[in-house]
Amino acid sequence: MSSQVVVTGIGVCAPPAEGPAADGAWFDVRTQLGRRGYKYLPAACQYLLVAGRHALDDAVDCLDGAAEEDRGVVVGTNNGVAALHDEQDRTVIAEHANELSPVTAPFGAVNVLTSRLSMEHGFKGISLTLTSPLVAGLESVQVGARAFAAGRSTLLLAGAMEQAVPAPEAAAPEEGAVVLVLEPPEQAEARGATGYGRCAVRTLLLPHGLTGTARERAEAVLREAALSLGADQVPVYALLDDSPVSELVAGAVPAAVGPIRDAGPPAAGSLTPMLRLADRLRADDGDSLLVTAAGTGNVAMVRIWRTAGSTPRRSAGC
Amino acid sequence: MTGVAITGLGVVTCHGSGTRALWDAMMAAPVTDPGPVPDPYANMDVPVVQGVSDADLPAESQALAKTSRLALTAVDEAIADAGLPLGGPATAGSRIGLALGTCMGDASLHEQWRSDGGKPVARFTSALGVASEVAERLGPLSVTTTISNACAAGGFALGAAADLIRSGEADVVLAVGADAYSRVMLACFNRMGAVDPVRCRPFDLHRRGTSFGEAAGAMVVESAEHARARGATVHALVEGSGWTCDAHHLTAPEPEGTQIVRAMRAALDSTGADRDRIGCVLPHGTGTQLNDVVESRALNEVFGAEVPLYSLKALIGHTGGAAASVAAVAAALILRHGTVPPNVPIVEQDPECRVWLPQGRTTPLGFDRIMVNGYAFGGNNVSLVLAGAGG
């Protein structure tokens, strides 16, 4: 039902957990990426490029067996260009489109940020940008598994990138990027790479205001998805908000191995669930199911089978 | 390999709502100029769009932002055309999926906040939540994806929908592409000098860029077995798709077209069909200078210059993330009728674009396979092959 992928590299570019609120001050583009060619990229793209470098370094020889046409990129984002669009739109309203910066005009389309990562490494396979609220990052892993199964790719960078939203008082801001190197299990095994572990992801979408039989049907869909990923076999960690959808998810997902464990609240975008996935992949007790849901109706579940004895290599943050 | 059937079609463009309206417009081939955007804050040199009239959208969706309204209009038609409704007896126990393609989503929500001089007071929501509105029609979805690969998003969504059927992750998938006017996007294209002040004129020597339109296309996609079991009419088959990336430039296509050729060949390879048996191509053809030349050369390399093209954007404008979805719906209609409609006349074909654009008359569809191309900023390329219901 849900194909598994092996995670052979992790790259994280995010502010320190104990640091100040997201405002970009923690990141220096010249130090992280170099003096030329990166300064005018949207911040989310800069974070993505750094995380991509870390992930490829971390996965060591992962490029050896994959031709450039078989290497792909799948990235989730919700607010990767929200701040840029806000700035551009205010310029148009107050002045004129001719006052827009020519170097940022191409980023009207968010997929250009993802494509910049494809360009950076010459990846000519698939390049997809996903934008489902909250779950787009985890969805990138699911889409990656599907791409392997369909023969569209043999090596993927899958990730999430976000930049603080222009209305921080109305949403918990998040900044940074996570990139995972994904490989099909048989390919990783062939090159002797055990990686951090295997993942399989389900994404679901529920309508609002469910009652009666519609609610029962939604509960059945949630339960089927959770059980298909082994929710009754491993600890369940959850990032849930205060929405009715999250309440429904919390009640429907079977948690046979102890109560559902709180993995913190989700924020404004798709980054936090991917940071938690990276955490689980690096944790000694990593075998688990991670569940997240939001008031939009979006739900994602990721099962993690951690490789016994694997230890974090260079998958450090910025 | 699992056969992937299209059993429901829905569409809305500047020519009205419904497949009948689209087909009538395709056959009439009117030269349609874009109109001024209904936006007093559109401070830009060419503030025009081929918009969808409010009268063509259901009044009950009026509270929603326009991309969602467009999507729901197309989805409602597709569901009815497929003989569903979802959640009814015909699909009881079926796993329903959604693959949505949109570039800007409901960007107009955020743009309205800013026009009003403020920010969201309660909760900041992504502009890209169109799928949530569609889910209200479909019930709980077992799998969902929203792809925002700019002007090719709808093509990737249809390819993803077919993959979901083939992988067995879903029994029925709604493949949807939708985009409405966005002030930010139109301003960015203006700033790049990429908006034609006349209209969208693909392959015309005098073209000066693209010109946007609003639209949505929706298709109900299911396995041929599932369709047969419930007695559904099959409009077309999704035989294959090829996905590549230029990895070359943020906005310009790679001049040799290597990766768009590879996308076309990958789509053909996945069908097992001979390239000589493609009856028509719906090109990406945006009207931008280099794109049309590169795509023409790529088409020549794969097919020669003898395959008829149906250049849809000349009729409805460049509809962004909806473009390839609407093109796929148009392809299904061409397959149904066995006829390639006349292209909207162009003044003078660019000699660098050596493609066959039949004008002034219909052309019989020689083979019941059609290719649809979709390309996007960032060099994201998708090609799809649709076949007649006979396969």
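Everything numeric here is computed off the predicted structure, so don't read it as measured data.

1. Describing the overall build of chain A
Okay, so step 1: The number of helices and strands found in chain A is nine helices and 10 strands.
Okay, so step 2: Here chain A has a C-alpha radius of gyration of 19 Å; the compact-globule value for 318 residues is 20 Å, and the two agree.
Okay, so step 3: Seen through its C-alpha atoms, chain A measures out along the principal axes to roughly 55 × 50 × 40 Å.
Okay, so step 4: Across the 318 residues in chain A, those meeting the buried criterion constitute 62%.
Okay, so step 5: Summing over all exposed atoms, chain A offers an accessible surface of approximately 10,900 Å²; the carbon and sulfur share of this is 50%.
Okay, so step 6: Charge centroids of chain A, computed over 25 positive and 36 negative side chains, lie 5 Å from each other.

2. Re the interface of chain B and chain A
Okay, so step 1: The interface is formed by 69 residues belonging to chain B together with 68 residues belonging to chain A.
Okay, so step 2: Summed over both partners, the interface of chain B with chain A buries about 5,700 Å², with 57% contributed by carbon and sulfur atoms.
Okay, so step 3: At the boundary of chain B and chain A, one finds five salt bridges.
Okay, so step 4: The salt bridge involving Asp89 of chain A is made with Arg183 of chain B; its shortest N-O contact spans 2.6 Å.

3. Focus on helix H7 (residues 212-228) of chain A
Owing to its 3.6 residues per turn, the α-helix brings residues three or four apart onto one side.
Residue and element names in this part refer to chain A.
Okay, so step 1: Its 17 residues place the ends of H7 24 Å apart at the C-alpha level, agreeing with the 24 Å of an ideal helix rising 1.5 Å per residue.
Okay, so step 2: Close packing links the buried residues of H7 with strand S6 (197-205), helix H8 (244-252) and strand S10 (298-306).
Okay, so step 3: Positive phi appears at Gly230, one or two residues downstream of H7, with a value of about 80 degrees.

4. Quick look at the environment of Leu141 of chain B
Okay, so step 1: As for its position among the elements, Leu141 of chain B is in the loop between helix H4 (130-138) and strand S6 (143-147).
Okay, so step 2: With 176 residues separating them in the primary sequence, Leu141 of chain B and Gly317 of chain B have C-alpha atoms 32 Å apart.
Okay, so step 3: Contact partners of Leu141 of chain B, with chain neighbours within four places excluded, come to Leu204, Leu205 and Val221 of chain A together with Ile96, Gly97, Leu98 and Ala135 of chain B.

5. Quick look at the domain arrangement of chain A
Residues and elements named next belong to chain A.
Okay, so step 1: What the domain assignment reports for chain A is domain 1 (5-190) and domain 2 (197-306).
Okay, so step 2: Once you take the C-alpha centre of each, domain 1 and domain 2 turn out to be 23 Å apart.
Okay, so step 3: Each side of the interface is counted separately: domain 1 has 36 residues, and domain 2 has 28 residues.
Okay, so step 4: Looking only at domain 1, the three residues that lose the most surface to domain 2 are Leu134, Leu138 and Glu174, adding up to 32% of its buried area.
Okay, so step 5: The interface formed by domain 1 and domain 2 includes zero salt bridges.
Okay, so step 6: Counting across the interface, domain 1 meets domain 2 through 12 residue pairs in polar contact (both at pLDDT 80 or more).
Okay, so step 7: Of the residues forming the side of domain 1 that touches domain 2, the biggest block, seven residues, is contributed by helix H5 (residues 136-149).
Okay, so step 8: The class makeup of the residues in the side of domain 1 that touches domain 2 is 22 nonpolar, 10 polar and four charged.

6. Things to note about H4 of chain B
Okay, so step 1: What H4 of chain B keeps buried is the set Val130, Ala131, Ser132, Val134, Ala135 and Leu138 of chain B.
Okay, so step 2: For H4 of chain B, the elements touching its buried residues are S6 and S10 of chain A together with helix H2 (66-81), strand S5 (96-101), S6 and strand S7 (172-179) of chain B.
Okay, so step 3: Just beyond H4 of chain B, the residue with positive phi is Gly139 of chain B, at close to 85 degrees.

7. Here we look at a positive patch on the surface
All names here are of chain A.
Okay, so step 1: A surface patch of positive charge is lined by Arg30, Arg35, Arg36 and Lys39.
Okay, so step 2: Tracing the backbone through its elements, the reader meets Arg36 in the loop between helix H1 (29-33) and helix H2 (43-58).
Okay, so step 3: Judged by relative accessible area, Arg36 falls into the exposed class, the value being 75%.

8. So, the environment of Ser296 of chain B
All names here are of chain B.
Okay, so step 1: By the element assignment, Ser296 lies in helix H9 (residues 289-303).
Okay, so step 2: Measuring from C-alpha to C-alpha, the distance between Ser296 and Val355 comes to 6.2 Å, with 59 residues separating the pair along the chain.
Okay, so step 3: When residues no more than four places from it in sequence are discounted, the contact partners of Ser296 are Phe203, Glu352, Cys353, Arg354 and Val355.

Rules used throughout
Residues numbered from 1 in each chain as written. Chains lettered and ligands numbered in written order. Predicted model: local features only at pLDDT ≥ 70, side-chain atom pairs only at ≥ 80, totals over all residues. Heavy atoms only, no water. Helix = DSSP H or I, 4+ residues; strand = E, 2+ residues; numbered from the N terminus. Rg over C-alpha atoms; globule rule 2.2 N^0.38 Å. Buried < 20%, exposed > 50% of the residue type's maximum accessible area, 1.4 Å probe, protein only. Areas by Shrake-Rupley, 256 points an atom, 1.4 Å probe, with all protein chains shown as cover. Lys, Arg positive; Asp, Glu negative; His and termini not counted. Charge placed at Lys NZ, Arg CZ, Asp CG, Glu CD. Contact = heavy atoms within 4.5 Å. Buried area = accessible area lost by both parts, 1.4 Å probe. Salt bridge = Lys/Arg side-chain N within 4 Å of Asp/Glu carboxyl O. Expected span 1.5 Å × (residues − 1). Domains from an automatic or database assignment. Polar contact = N/O pair within 3.5 Å; in protein donor to acceptor, adjacent residues only side chain to side chain. Nonpolar A, V, L, I, M, F, W, Y, C, P; charged D, E, K, R; others polar. Patch = residues over 30% accessible without salt bridge, like charges linked within 9 Å, V, L, I, M, F, W, Y side chains within 5 Å.

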